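# Overview (structure and organization)
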Amino acid sequence: MEMFGDVRVDDYYWLRDDSRSDPEVLDHINRENSFTDFVMLSTKPLEDHIYAEIRGRIKEDDISAPRRQGAYYYYEKTMEGKEYVQYCRRFIPNAGDQVSVHDTMPTGPDAPEEHVILDENVKAEQHSYYRIGAFKVSPNNKLVAYAEDTKGDEIYTVYVIDAETGAFLGKPLVGITSDIEWAGDEALVYITMDVILRPDKVWLHKLESEQSSDLCLYHEKDDIFSLDLQASESKRFLFVGSESKTTRFVSYIDTSRVDIGLVALTPRSEGIDTSVSHRGNHFFIKRRTKEYFNSELLACPVDDVSATTLLLPHRESVKIDDIKLFTDHLAVYERENGVSKVTIYDLPAGDQAINSLKSGRAVDFIDPIYSVDPLESQFSSSILRFSYSSLKTPSSVYDYDMNTGISILKKIETVLGGFDASNYVIERKWATASDGTKIPISIAYQKNLVKLDGSDPLLLYGYGSYEASIDPSFKAARLSLLDRGFIYAIAHVRGGGEMGRPWYENGKLLKKKNTFTDFITSAEYLIENRYSSKEKLCINGRSAGGLLIGAVLNMRPDLFKAAVAGVPFVDVLTTMLDPSIPLTTSEWEEWGDPRKEEFYFYMKSYSPVDNVKPQNYPNILVTAGLNDPRVLYSEPAKFVAKLREMKTDDNMLLFKCELAAGHFTKSGRFEKLREDAFTYAFLLKALDMAPSDGTGRL
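Rules and cut-offs
Residues numbered from 1 in each chain as written. Predicted model: local features only at pLDDT ≥ 70, side-chain atom pairs only at ≥ 80, totals over all residues. Heavy atoms only, no water. UniProt positions renumbered as here; feature names shortened; annotations may be inferred. Helix = DSSP H or I, 4+ residues; strand = E, 2+ residues; numbered from the N terminus. Polar contact = N/O pair within 3.5 Å; in protein donor to acceptor, adjacent residues only side chain to side chain. Buried < 20%, exposed > 50% of the residue type's maximum accessible area, 1.4 Å probe, protein only. Lys, Arg positive; Asp, Glu negative; His and termini not counted. Salt bridge = Lys/Arg side-chain N within 4 Å of Asp/Glu carboxyl O. Contact = heavy atoms within 4.5 Å. Axes fitted to C-alpha atoms, helices over the stretch in contact; angles between N-to-C directions. Parallel < 35°, antiparallel > 145°, perpendicular 65-115°, else oblique. Left-handed = near helix turned anticlockwise from the far one by under 90°. Nonpolar A, V, L, I, M, F, W, Y, C, P; charged D, E, K, R; others polar. Phe/Tyr/Trp six-rings, centres within 6.5 Å; stacked < 30°, edge-to-face > 60°. Core = buried A, V, L, I, M, F, W, Y, C linked by side-chain atoms within 4.5 Å. Pairing = 2+ DSSP bridges.

Per an unreviewed UniProt entry, the chain goes by the name Prolyl endopeptidase and belongs to Stephania yunnanensis. What UniProt states about the chain under its Function (unreviewed entry) heading is, verbatim, "Serine peptidase whose precise substrate specificity remains unclear. Does not cleave peptides after a arginine or lysine residue. Regulates trans-Golgi network morphology and sorting by regulating the membrane binding of the AP-1 complex. May play a role in the regulation of synaptic vesicle exocytosis." Checking UniProt for the chain, the heading Catalytic activity (unreviewed entry) contains the comment "Hydrolysis of Pro-|-Xaa >> Ala-|-Xaa in oligopeptides."

Turning our eyes to something else, we now look at the side chain of Glu 181. Of note, Glu 181 is situated in strand β11 (residues 173–182). There is a polar contact of 2.8 Å between the side chain of Glu 181 and the side chain of Lys 136.

Here we take up the side chain of Glu 427. Along the polypeptide, Glu 427 turns up in strand β31 (residues 424–432). The side chain of Glu 427 sits in the buried core without any salt bridge; Lys 429 is the nearest counter-charge, 4.5 Å away. Side-chain polar atoms of Glu 427 contact the side chain of Tyr 531, separated by 2.7 Å. Once residues within four sequence positions are removed from consideration, Glu 427 is found in contact with Ile 369, Ile 441, Ser 442, Ile 443, Tyr 445 and Tyr 531.

Closest axis-to-axis distance for the helix α6 (residues 513–528)/helix α7 (residues 544–555) pair is 9 Å, and the angle between their directions is 70 degrees. For the element pair α6 / α7, the angle class is roughly perpendicular. Helix-helix and strand crossings are classified by hand; for α6 and α7 the assignment is right-handed. Of the residues in α7, those in contact with Thr 515, Phe 516, Thr 517, Phe 519 and Ile 520 of α6 are Leu 547, Leu 548, Ile 549, Ala 551, Val 552 and Met 555. Residues belonging to the contact of α6 with α7 are distributed by class as follows: 9 nonpolar, 2 polar and no charged.

Take the packing of aromatic side chains next. Scanning the model with the defined rule gives 28 aromatic pairs in all. Aromatic side chains Tyr 87 and Phe 135 sit 4.1 Å apart centroid to centroid with 10 degrees between the ring planes, which places their arrangement in the stacked category. Remark: Phe 135 occurs in strand β8 (residues 131–137) and Tyr 87 occurs in strand β6 (residues 86–91); sequence separation between them is 48 residues. Looking at Phe 135, the relative accessible area reads 14%, which means it is buried. Measuring from ring centre to ring centre gives 5.5 Å for Tyr 159 and Phe 168, while their planes differ by 55 degrees; the resulting arrangement is tilted.

Our next topic: the UniProt feature "domain: Peptidase S9 prolyl oligopeptidase catalytic" (unreviewed entry) in the chain. The UniProt record annotates "domain: Peptidase S9 prolyl oligopeptidase catalytic" (unreviewed entry) at residues 473–688. Its end C-alpha atoms 28 Å apart, residues 473–688 is made of 41% helix and 13% strand.

Quick look at unusual backbone geometry now. Most peptide bonds take the trans configuration, and most residues that are not glycine carry a negative phi. Although it is not a glycine, Arg 20 adopts a positive phi angle of roughly 55 degrees. Under the relative-accessibility criterion, Arg 20 is labelled partly exposed at 22%. Phi angles above zero are rare outside glycine, and Val 567 is one such case at about 30 degrees. Among the structural elements, Val 567 can be located in the loop between β36 (562–566) and α8 (572–576). Overall, Val 567 belongs to the buried group, its relative accessible area being 4%.

Grouped together as the largest cluster of nonpolar side chains are 108 residues, with contacts concentrated most on Leu 460, Phe 519, Leu 526, Ile 539 and Phe 682. Top contributing element to this core by residue count: helix α13 (residues 669–686), with 10 residues. Contacts of Leu 460, omitting those with residues within four sequence positions, involve Ala 489, Ile 490, Ala 491, Phe 519, Ala 523, Leu 526, Leu 537, Cys 538, Ile 539 and Asn 540. Of all hydrophobic cores here, the second largest spans 17 residues; its members include Tyr 74, Tyr 84, Ile 117 and Ile 161.

Pairing is antiparallel in the open sheet, where 7 strands are placed in the order β8-β9-β10-β11-β12-β13-β14. One side of each edge strand has no neighbouring strand; the edge strands of this open sheet are β8 and β14 (215–219). Neighbour-to-neighbour, the strand axes of the sheet open up by a mean angle of 30 degrees, direction not taken into account. As defined by bridge partners, strand β10 (residues 156–162) adjoins β11 across 2 bridges and the pair is classed as antiparallel. Note on β11: the bridge partner recorded for Val 158 is Leu 173.

Right under this line is the structure:
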């Protein structure tokens, strides 16, 4: 391949087969899988033990925190030994009563009967992969629309069923995304994709009509932009966003007047990113510009969208992540200094003008570093629902009364096996990059096991792309490392969104290498401060985080003992030069367009496949999903093949490709645990920590 006078030779280009049916390619993948099984045969008892350990922490028969909608509580139910969930509901006899944070769903013999709307376990019986990407109940609670993926390729089929009988209503909608919303009780709005799987058209579907007769409301022809769909908290409007990496504009559908079609709300203007919510007579607009990079919050009358009023001004140190609206309140999700926070504001009556916001009230959280995310709440209530966790606090659902400040725990993930959060320490440290930038690192460990003298094994995780914030959250499976004396750390490197919009801007395009050097700096900090050593330091990242792992392995292979690259985006230059591959065109604003010389050579300088060279590498495990539409399986396959050709060491190099999965590995809840168990067994084997007696005992 030649460009700008530069010649690249790709001996493994043949591994890309978009049909995923070439016998030679499949044979290569199967032989790699067989080799991986052979190398890991001695640690299979350890893997099985860890799997049993991880599964043993799960309360297998459980339900999610019930959420109210109309006259019902809705929830998901898991059962002992079953891979998938049941979608259930119970009738609320006194549904008209005022909602309180103290409300609980009645159970027992005198309670209204549980009704199973849909059982994923039954649906999944005929498929090696099964995932429901959306489950939407109609406003009148009589129907359910759900989106089904049976391959892992994220191309969904949508079915509409009667919520009581399960009977199908009309024919399924095929070849769509999981973005579906009800437009009243008799119509759906959904999005379809083009040949490169870019969401490009939004459609209106009248129930029981043919899909071929659906009305196309909008076609986004610019291949840099993709469409998304969401309902307002009030359910009166549906918002269609068209988004690139720098620009987003919004149109709306009035669900009470779908015949009007799509109405423009915010203008299409380069560098301006808007998202919209609704309450009463007003739209609320979160707007980001180059000048107001951390976003500001505006309001405008529904009947005059140009008459905006500033509610929350831009602040250089505080980034607005999200907002949630209620009849009388506004909840703002923000982040400052790398930590999330939630602030509550009172609002005037819905038909009154909004001139300003009174001083807000912050929600208090128990840990110094944590993860908090909005959950669906009842618009007409004063109760904010959110999920909360930290590196030592299991996933929790809280209802927060915005009038009184009372916070009630509605559900906490049960962790069996004697888990005690007080045995674990969580810390926030800061490493200093060569340009003086302070990089936050979140750390967790079992205080009774670690020595903090440089001898402890450590797993360092990183991502650093798309402005995604990797907040410190709980994962029960991780206890199998912490309880073996591992330290777990997250390097919040540039390219993510943890420290505000500039944190992202300084880790993309021609500044992408900051992501990699920040990660290396974080690793060096952990070694210098005796959290671990080169002989005990392991690293992990997935997808764009897998690119991070691939890049730092080429740059500093001496720094790590073992590395895990999950579904890694490692063939950056070849992929970004091919607009026929899903995501390529929309991501030129993230990585750069290598059809331009400056970007070509910059991307070539870090693209992992292009920078494998004769040198010693640590132990490496690379994973892939054959049906992955986000990172083609051929990228990690080529990376492994080139490492086999070039590397000069005898360390493990393993490739594990799931043949019936996509980007997010297998679909069953227990099947997913197998990947964790295998990964942990690999790390323990690489560190010579696997028990010599062939068991997995601690």
